[in-house]
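Below, each chain spelled out in residue letters.
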Amino acid sequence: MPDKKMPWIDFRSDTVTWPTVKMRQAMAAADVGDDVYGEDSTVIRLEELSAERLGKEAGLFIPSGTMGNLVAVLTHCGRGDEVILGDISHTFVYEAGGISALGGIFPHTLPNQPDGSLRLDDIKDAIRMDNVHFPKTRLVILENTHNRCGGAVLDAAYTSKVAEIAHQAGFSLHLDGARIFNAAVALGVDVKTLTQPADSITFCLSKALCAPVGSVLCGSAEFIHQARRIRKQVGGGMRQAGILAAAGIIAIQEMVDQLAADHLRARRLAEGLSDIPGLLLDDGPPLTNMVYVNLGGDVKRNAAEVAEAIQKQGIRVGVINPRRFRLVTHYWIDDEAVEKVIKAFQAVLKA
Ligand code: TLP
């Protein structure tokens, strides 16, 4: 049976991906149990497989990437503790302030560099002395690939340096690896080399890997034991979740290799858009599956208006702010879709 085709072309995100037919079949046939009792064999298999792929002792199936990061931070930190993270990191920008609202955790933001990194000296300078006036620094978070930095990739050497700084000062490194497999494919390395330095990592099954729902938090057995209680506390304990985990297993086993094609299409897309008067591309070709593009100063319409005109042609693009778009390639975007959106931008901006 072929994959059920999406009836529109959707570049807004890789979160929009539908499950493949193989996933739907595996979901229908999945063995299940009550996972809060630890009795869902399919969830257990997904958690073990994830931990093994990432080189960690244990994994925990979590409903979303946002909850995965939240559970990780709540496991590492107590109320009043401080987390160092990027000023345009997903956890700071897009997670509804959950770490503060639910955990009383204090975010210490540092400027994200265009390559997605935090400057090592900035991290060192941000570490608090043991002094009654200060919160305790407990955690640093890196994001790989980096969403708002255009899908930028952090390499293993940089990640290890950050881990070294954290460990020397007695705190931990969490990796928001929502798209860590995109990073590994872009760098041509085993994903373990990128996750090994981190104490914990969240990765998403439901983005370019096409599973309908879910992320996995991985770390030491002791860390995951504690995280399991925190997941329950925030309402993330699931029951017959094997239905969802079954798709996640296929995501890990079969969908990673096709990410390279997404990255190539993102390059072609950036190239095509860069030739259009009125559009300004970010510097350099995209490294993974995201293309950010701005409207030039002389374009009268704003990004929402341009996106609306493009949507009339059955194509959806992401609007980041009144002058900026994001286009993300994924399994459901083929070469034809890339050419179509380039033509749609051309036509709309000429009109
Ligand atoms: N990102 C979404 C939006 O929330 C912006 C997207 O469309 O890209 N970490 C990173 C780096 C992410 O990009 C996302 C999702 C998450 C965590 C959260 O994952 P979910 O959506 O499963 O909560």
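Quick notes on the rules
Residues numbered from 1 in each chain as written. Predicted model: local features only at pLDDT ≥ 70, side-chain atom pairs only at ≥ 80, totals over all residues. Heavy atoms only, no water. Near = heavy atom within 4 Å. Areas by Shrake-Rupley, 256 points an atom, 1.4 Å probe, with all protein chains shown as cover. Helix = DSSP H or I, 4+ residues; strand = E, 2+ residues; numbered from the N terminus. Nonpolar A, V, L, I, M, F, W, Y, C, P; charged D, E, K, R; others polar. Domains from an automatic or database assignment. Contact = heavy atoms within 4.5 Å. Buried area = accessible area lost by both parts, 1.4 Å probe. Salt bridge = Lys/Arg side-chain N within 4 Å of Asp/Glu carboxyl O. Buried < 20%, exposed > 50% of the residue type's maximum accessible area, 1.4 Å probe, protein only. Pairing = 2+ DSSP bridges. Axes fitted to C-alpha atoms, helices over the stretch in contact; angles between N-to-C directions. Polar contact = N/O pair within 3.5 Å; in protein donor to acceptor, adjacent residues only side chain to side chain. Left-handed = near helix turned anticlockwise from the far one by under 90°. Core = buried A, V, L, I, M, F, W, Y, C linked by side-chain atoms within 4.5 Å.

Visitor: How would you explain the site of the ligand if you had to name every residue and give the values?
Guide: Lining the immediate surroundings of the ligand are 16 residues, of which Ser13, Thr66, Asp176, Arg179 and Arg326 lie closest. A total of 520 Å² of accessible area belongs to the ligand in isolation, and the protein chains cover 83% of it. At three residues, helix α3 (residues 65-76) tops the list of elements feeding residues into the shell around the ligand. Broken down by class, the residue content of the shell around the ligand amounts to two nonpolar, eight polar and six charged.

Visitor: Which residues make up the domain arrangement of the protein chain, and what values go with them?
Guide: Looking at the protein chain, the domain boundaries give domain 1 (9-13 + 258-350) and domain 2 (17-255). Between the C-alpha centres of domain 1 and domain 2 the distance comes to 28 Å. Contacts between the two partners involve 15 residues from domain 1, matched on the other side by 19 residues from domain 2. Carbon and sulfur atoms supply 61% of the area that domain 1 and domain 2 bury against each other, a total of about 1,500 Å² over both sides. Counting the surface domain 1 buries against domain 2, the share from its top three residues, Leu259, Met290 and Trp332, is 34%.

Visitor: So, the pattern of salt bridges: which residues are in play, and what are the values?
Guide: Counting across every chain of the model gives 17 salt bridges. Ionic pairing is found between Asp81 and Arg138, a salt bridge with its closest N-O pair at 2.9 Å. Here Asp81 is found in the loop between α3 and β3 (82-86), whereas its partner Arg138 is found in strand β5 (residues 137-143), with 57 residues between them in sequence. On the basis of relative accessible area, Arg138 is assigned to the partly exposed category, the value being 33%.

Visitor: Explain the sheet that holds strand β6 (residues 172-176) to me, and be specific about the residues and the numbers.
Guide: Read from one edge to the other, the open sheet built from seven strands follows the order β2-β8-β7-β6-β5-β3-β4, with strand pairing classed as mixed. Strands with a single pairing partner mark the edges of an open sheet, and in this sheet they are β2 (58-62) and β4 (106-110). For this sheet, the mean inter-axis angle between neighbouring strands, taken without regard to orientation, is 20°. Strands in contact with α3 are β2, β3, β5, β6, β7 (200-204) and β8 (215-219); relative to β7, the strand with the most contacts, it is inclined by about 170°. Together, β5 and β6 form the strand contacts of helix α7 (residues 156-168), whose direction differs from that of β6 by roughly 145°.

Visitor: Give a description of the side chain of His174 that names residues and reports values.
Guide: With respect to the helices and strands, the residue His174 is situated in strand β6. Look at His174 and you get buried, because its relative accessible area is 0%. Within polar-contact distance, the side chain of His174 engages the side chain of Asn69 at 3.0 Å. Apart from the residues lying within four places of it in its own chain, the contact partners of His174 are Asn69, Ala72, His76, Leu139, Val140, Ile141, Leu142, Ser200, Ile201, Thr202 and Leu217.

Visitor: So what about the packing of α3 against helix α10 (residues 221-233)? Which residues, and what values?
Guide: Relative to each other, α3 and α10 sit at 115°, their axes nearing to 9 Å. Once α3 is placed against α10, the crossing between them reads as right-handed. Residues Val71, Ala72, Leu74, Thr75 and His76 of α3 form the contact with α10, whose own contacting residues are Phe223, Gln226, Ala227, Ile230 and Arg231. Taken together, the residues that form the contact of α3 with α10 break down as six nonpolar, three polar and one charged.

Visitor: Give me the nonpolar core: which residues, what numbers.
Guide: Residues Phe61, Ile180, Phe181, Phe203 and Leu205 are the most contacted members of the largest nonpolar core, which totals 54 residues. The biggest single contributor to this core is helix α11 (residues 242-254), with six residues. If we ignore the near neighbours within four places in the chain, the residues touching Ile180 are Asn144, Leu175, Val191, Leu194, Thr195, Ile201 and Phe203. Phe11, Leu269, Val317 and Ile342 belong to the second-largest nonpolar core, a separate cluster that totals 29 residues.

Visitor: Kindly report on the sheet that holds strand β13 (residues 324-328), identifying the contributing residues and their values.
Guide: In space, the four strands of this open sheet follow the order β9-β10-β13-β12, with antiparallel pairing throughout. For this open sheet the edge positions go to β9 (279-281) and β12 (318-321), each flanked by a neighbour on one side alone. Each neighbouring strand pair of the sheet contributes to a mean axis angle of 35°, computed without reference to strand direction. Note: β12 against β13, three bridges, orientation antiparallel. Looking at β13, one finds that Asn321 is bridged to Arg324. Here helix α12 (residues 259-274) sits on the sheet in contact with β9, β10 (290-295) and β13, set at roughly 15° to β10.

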